[in-house]
Amino acid sequence: MRFPDLSLRTAENPPCWSRGALTALFVACGLWWLAVFQAEAARGEEATPDFNRDIRPILSHNCVACHGPDEHDRQAGLRLDDPAAAAAELESGLRAIVPGAPQSSEMIVRIREQDPDLVMPPPESHHVLDEAQKQLLERWIAAGAPYAPHWAYVAPKAWPTPAAIDRAWPRSWIDAFVLDRLKREQLAPADDADPTTLVRRLHLDLTGLPPTPAELDAFLADSTADRVERRVDALLASPRHAERLASWWLDLVRYADTVGYHGDQTHNASPYRDWVIHAFLENVPFDRFTLLQLAGDLVEPAEGEHPDDRVLASAYNRLLQTSHEGGIQVKEYRAIYQADRVRNISEVWLGATLGCAQCHDHKYDPLTSRDFYAMGAFFADIDDERHMGNAGFGGGTNTLPTTRLPERAILGPFDRAEAERLDREIAELTKRLSAEPAAGDQATGNEPEPAAVVAAREQSARLTKQRESLTRAVMITEQLKTPREVRLLPRGNWMDETGEAVEPAVLSVLGSLNVDGRASREDLARWLTEPVAEGGIGELTARVVVNRLWALFFGEGLCRSTDDFGGQGEPPDHPELLDRLALELVASGWDLRSLIRQIVTSRSYLQSSEASAELLARDPDNRLLARQGRWRLPAEHVRDAALFAGGLLVEELGGPSVRPYQPAGYYQHLNFPKRTYAADTDEQQWRRGLYVHWQRMFLHPQLAAFDAPTREECTARRLPSNTPTQALVLLNDPTFVEAARGLAARAMRASTADDDRLSLLWRQAVSREPDATERAVLRELLARRREEAAANPEAARARCWELGWRRRMRRWSRMSSQPGRPWPAVCSTCTRPSPAINSPPHTSRTRSRS
Amino acid sequence: MISPTPLHRRCFLGQAGLSLGAASLGGLLARDGLAALDLPAAARGAIWPLHHPPQAKAVIFLCLAGGPSHLETFDNKPTLARLDGQPMPESVTAGQPIAQLQGKELVVLGPRKPFSRYGECGAEISDYLPRLGGFADRLAIVRSMVTEQINHDPAHTFLNCGTAISGRPSMGAWVTYGLGSEADDLPGFVVMTSKMGRNPQPIAARQWHSGFLPGQFQGVEFATSGSPVNYVASPPGVSEAHQRDVIDTVAALERHRLATVADPEIATRIRQYELAFRMQMSVPELADLSDETAETLACYGAEPGRATIGTNCLMARRLVERGVRFVHLYHSDWDHHGGIEPYMDEICPPTDRAAAALLADLEERGLLEETLVVIGGEFGRTPMAQSKDKGAGRDHHIKGFSMALAGGGIRGGVTHGETDEFGYHAVTDIVHVRDLHATMLHLLGIDHTRFQRGLPRPRRQAHRRGASPRGDAAAGVGLVIRDLVKPT
């Protein structure tokens, strides 16, 4: 049952087996597995329901809002999320659960009740249990009502790698877990994606940019066994990969360029964004990455770490939405800021919705209001209220940027080398100038300086100015001498001062910190990443992180609710694999790159995303991983890929945020101060989407249309939409029009033959040759446009100019010549269909080379 | 083109939570006429069948942004006139949240304009709003509104999203999601803004965001001048025929693709291109007011090409006529910390004229019956004076303020609730912002307590996002204010 080796499959040397043969193979596999596991499946039907998989979701969705952890809102004194409480005698003298005796359990009596006044859940709740759910509960109680701790609060286990039935398919232990599950489901994995698809997928997933035709050809021509690994290693080491990961992280920590409330003024944050990219480029271990962000101001630089890094990283604590709207009350905003931080840290590192506990104990998870405020207390030492002034005035300014003290003028990580070079040159010039005798004074007193000295002086002034422009201000974390007092706010009411004062503490359900005195942000950061055996929750945090990384490469996490590991989330589809990945990350010293490498070189990742109708019907959401996923590119990459294909993308690392074209008047509702948007007029216009100025109140409309988040809150998963606005952007946004024009210029430079040009266009945009139909469709469009240009040459010429917007782009001038005129339209067609904006794409089955 | 069949709908919804708006897309493409309150099958949203027969099927929310004074509009307080210039009794203000008057001396400011009684119901309405007064018997006035946020930005977010926390859907998004849209070439949720000459408070796109619902439910901003919708104009020099040609070619490539890979997202994308093209054609037609009579323009105070309250109210009628579900009009400049008198003199007449014209026009066209019109701001203003340039003004106030409702299912001639004699605290029949949401949803045929329950799984996933199930506009917390609802 050996599957053909991926490395043997190239465009020139297509796989030797036919589709029919493969299908037969799958069928054979399926039958064999069916036979082996029929018996097991039969036994499973009578097995005790699994609490986490079968029972917890029923209780969580239907019961615990009223019979759960929130003691202030608990009905009948009944708590169903806790085994002892659930089996205890109630106020009524009855017991909800009598383990082993469903008939005596009041819970069963009530869910079977016909009287609408007595039945549970009550009709007004609009929750209804179906027969299967009722039976599950009965069987569970009959089996003794065994509870199990919620999966996300249990440390990951080192599950043994399943023995592979098919030894050839797995490339790694990851595949053994995937295959084991497929085997139990009597499914076979998909065959590998063809190499053309695969290389595009790898490039897009790891870097956000498609391969160039040359990179594509090199991969296809490579017949070595480890070509995937080598390509992956090259991509992982590239700055583009660091940029891709940075987009992911910036969504989580809600990085943006503006304050987010009221005047939505610009604040100084971009050096933090550059630090994140740099950290991914340097593959800084995730535990260190965490520590620097939460407590950069409290720790010493590590060996080999630039002393500024911890300062830059500490901007994390300042990324929240802030306001200095006139008339704000400091106490109210203190509560708002605290809640913002608690929501973010708990979502980013814990996958927990602790924000719910601001006003009440969590309705579904064992998180208390006290937990919420104790978590907030960790951040009570952060100096960040100066912009609010004493009574809501002063401090912050209605300027661009506004002030959010404390700030520091600092060099971004990518500007350090340039700064050093400039410093050296300036020092040299200064030395030379000081060695030069003050010639004029010694002689007549008004003799002009030698030309060389004047030149050196001017040069020095110019370089000094250049050097100064490299430093940027960034908001930083500074510790207050005395932390603000944090009180538990009853019902979240900031005006109620009757709540008890709380000290920093971690979630009570996960234990406590063993520190002397007041626990610090450093203690919190270390607790998040230290192994369980050493008193931390590192493996639990790792599970949250690896799940999100997995989602980057499969479209969905192994646990679908990447943002919520609580009772309202979903249990993971592959819990053992998720556990092992988490342990792997911790064991590797929090090496994200190595983990990503293992994921994307797995056979599971390499699978084709094509699915048979049967598989689609059986597993529409691809929970079983019998194929790869398919999804549209993220907003930034839709932009990047178009500019890249058009040869316009300017790849520089870091720097101040950039401003692409934007519809006039888009900022008309902003005020304090009023905003006029000035798009960049130089090459900055064509930087990657990651660097686009992130205006929280009015996110750039191209990014917003393609579902980029405003970054007001943590975003662990962008919900994709498919809207007419997206079509309008692709059709009419000047950026995409220019990109199409750039692509046309590229095609015209490359060849004079129509067919060659069409091939090149398609290869740039879609990473493959057009098939016969696609070629025919494009040829027809070309012919129509030629005819029309011949009939009305002046209009066509004018259009070519206007389409470019930027007349100084000389390299495009050829398009306004007679033969060039039809091409921009053809190119604008190439960069728009699904294959150009989807990842991973499919190659067409009918391939042709003309 | 591929016709939207039930099968397709199922496909969309089965795709791991993708394309949740597919259901309403059908509605975007196939309008089956506007049979009275009987939603055509294709226009259905996430809630089908509706929980109860709807009394309204469209909403126009005229938001007077900045916080209009209830004491100069709908809430007459003779006591304030009597105590004008006297210290405000401390018993009223002690321990209350205060915005810009923090630490200042608190002095009563009497109403700046007399009130008159209007209609058979005898509703009291300020002389600032005489034309609206003429509609008293069709208006429901709520004088006991309360909100939880005292600063503009969070208060707007609260008014639209039912929470001050960012990232939750706005009412327009919820309504479009729940009901779908009946417009076949326009978005279901449209936002328009106008302002007067002063320095208005900023407004964030958060106010019409889809939050954790998919992007197709986001409000689309329409402008009255320039390009009406972002990116709706073809690139310079590209004619309608050229754009059509590009779209047809893209569609041909997509159809070919769809035949190879059965991805329903591709079918959706083909339709979106088609809809985009139709928007390119229909939006300029919509924005072109030349088919309106001079009399109509004058009635509204509409000025073609200028974003005034009059133009926008007229546009709102045109949008509703075309099947748009939710029109959100922002009229800024109601933040009168100082100079409340001159500023009200300036802003009230055009607002009064436009709002009254809108009601009259809707009524004349038989649309008022099925269109819920809500008029009000994010909060009210203090009974206490705040002095600034151009004379006295009033500070932000959240413990009692007013709103007016009319049309679809609203019981006319009702004045609901009251504030204390100072117009400070709402004291009887208090209406929380979330009660307003609940009532709006009720009129549209949605039981707010069931809105988010029992939906198919992908939809539940869509708006799960870790959000507290109570913390948004459609979370089932408020109460339906029956007093405002016309008995059926």
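Parameters and conventions
- Residues numbered from 1 in each chain as written.
- Chains lettered and ligands numbered in written order.
- Predicted model: local features only at pLDDT ≥ 70, side-chain atom pairs only at ≥ 80, totals over all residues.
- Helix = DSSP H or I, 4+ residues; strand = E, 2+ residues; numbered from the N terminus.
- Buried ≥ 20, exposed ≤ 12 C-beta atoms within 10 Å, placed from the backbone.
- Contact = placed C-beta atoms within 7 Å.
- Pairing = 2+ DSSP bridges.
- Expected span 1.5 Å × (residues − 1).
- pLDDT = per-residue confidence, 0-100.
- Axes fitted to C-alpha atoms, helices over the stretch in contact; angles between N-to-C directions.
- Parallel < 35°, antiparallel > 145°, perpendicular 65-115°, else oblique.
- Left-handed = near helix turned anticlockwise from the far one by under 90°.
- Nonpolar A, V, L, I, M, F, W, Y, C, P; charged D, E, K, R; others polar.

Enquirer: Would you take a moment to explain the overall build of chain A for this structure?
Expert: A count of helices and strands for chain A gives 33 helices and four strands. Relative to its 850 residues, chain A shows a buried fraction of 50%. Counted over contacts in chain A with a minimum sequence separation of 6, partners at least 24 positions apart contribute 68%.

Enquirer: Would you mind going over the interface of chain A and chain B with me for this structure?
Expert: By a widespread convention, an interface's size corresponds to the accessible area lost as its parts come together. Taken together, the contacts link 78 residues of chain A with 75 residues of chain B. Among the secondary structure elements, those contributing two or more residues to the side of chain A that touches chain B are helix 27 (724–732), helix 30 (772–791), helix 31 (793–804), helix 32 (823–830) and helix 33 (834–837) of chain A. With eight residues, the top contributor of residues to the side of chain A that touches chain B is helix 27 of chain A.

Enquirer: How do you make sense of the pairing of strand 4 (residues 139–146) of chain B when you look at a structure like this?
Expert: For a regular strand, the rule is simple: side chains alternate between the two faces of the sheet. Residues and elements named next belong to chain B. Along strand 4, seven of the eight residues are buried, which leaves the element largely enclosed by surrounding structure. Pairing of strand 4 with strand 11 (residues 401–407), which is carried by five bridges, proceeds in the antiparallel orientation. In the sheet register, valine 142 faces strand 11, and the bridge partner there is methionine 403. Two strands pair when backbone bridges link them, and strand 4 and strand 12 (residues 414–416) are joined in this way by three bridges, in the parallel orientation. From the neighbouring strand, valine 142 faces strand 12, where its bridge partner is histidine 416.

Enquirer: Sorry if this is basic, but what is going on with unusual backbone geometry here?
Expert: Only a minority of non-glycine residues have a phi that is not negative, and only a minority of peptide bonds are not trans. The linkage connecting Leu400(A) with the following residue, Pro401(A), adopts the cis geometry, with an omega of -5 degrees. Assignment of secondary structure puts Pro401(A) in the loop between helix 15 (369–377) and strand 1 (407–411). For Asn622(A), which is not glycine, the phi dihedral falls at a positive 55 degrees. Residue placement: Asn622(A) occurs in the loop between helix 24 (613–618) and strand 3 (631–632). With a phi close to 45 degrees, Asp429(B) is a non-glycine residue in the positive phi region. By secondary structure assignment, the location of Asp429(B) is in the loop between strand 14 (426–428) and strand 15 (431–432).

Enquirer: Just to check I follow, could you spell out helix 20 (residues 538–554) of chain A for this structure?
Expert: An α-helix turns once per 3.6 residues; consequently, residues spaced three or four apart project the same way. For helix 20 of chain A, spanning 17 residues, the distance from its first C-alpha to its last is 24 Å, which sits close to the expected 24 Å at 1.5 Å a residue. One or two positions beyond helix 20 of chain A, positive phi appears at Gly555(A), with a value near 90 degrees.

Enquirer: Can you walk me through the confidence of the model for chain B in this structure?
Expert: It should be kept in mind that the predicted coordinates are not to be read in detail where pLDDT is low. Residues and elements named next belong to chain B. On average, residues of chain B score 84 in pLDDT, and 85% of them are at 70 or above. For residues 1–42, every residue scores under 50 in pLDDT, and the model assigns this stretch 90 contacts once sequence neighbours within four places are set aside. Predicted as a complex, the structure gets a pTM of 0.86 and an ipTM equal to 0.83.

Enquirer: Even after reading the chapter, I still don't get the packing of helix 7 (residues 195–207) of chain A against helix 9 (residues 227–236) of chain A, so can you show me in this structure?
Expert: Axes are the key here: two packed helices are described by the angle between their axes and the distance separating the axes. Residue and element names in this part refer to chain A. Contact geometry for helix 7 and helix 9: axes closest at 10 Å, N-to-C directions at 25 degrees. Judged by the angle between their axes, helix 7 and helix 9 are roughly parallel. Crossing of helix 7 over helix 9 shows right-handed handedness. Of the residues in helix 9, those in contact with Val199, Leu202, His203, Leu206 and Thr207 of helix 7 are Arg231, Val232, Leu235 and Leu236. Here the residues of the contact of helix 7 with helix 9 sort into six nonpolar, two polar and one charged.

Enquirer: Looking at this structure, I do not really get helix 9 (residues 264–287) of chain B. What am I missing?
Expert: In this model, helix 9 of chain B (24 residues) spans 33 Å end to end at C-alpha, consistent with the 34 Å of a helix rising 1.5 Å per residue. In terms of residue burial, helix 9 of chain B counts as a mostly covered element, since 18 of its 24 residues are buried.

Enquirer: Explain the packing of helix 2 (residues 51–62) of chain A against helix 5 (residues 131–142) of chain A here, please?
Expert: Residue and element names in this part refer to chain A. With their axes 10 Å apart at the nearest point, helix 2 and helix 5 run at an angle of 115 degrees to one another. Judged by the twist between their axes, the crossing of helix 2 over helix 5 is left-handed. Here helix 2 contributes Asp54, Ile55 and Ile58 to the contact with helix 5, which in turn contributes Gln133, Leu136, Leu137 and Trp140. When its residues are assigned to classes, the contact of helix 2 with helix 5 shows five nonpolar, one polar and one charged.

Enquirer: Can you walk me through the confidence of the model for chain A in this structure?
Expert: Averaged over all residues, the pLDDT of chain A equals 86, while 88% of them reach at least 70. Here residues 840–850 of chain A is a poorly scored stretch, pLDDT under 50, and it has 32 contacts once near neighbours within four places are set aside; other chains count.

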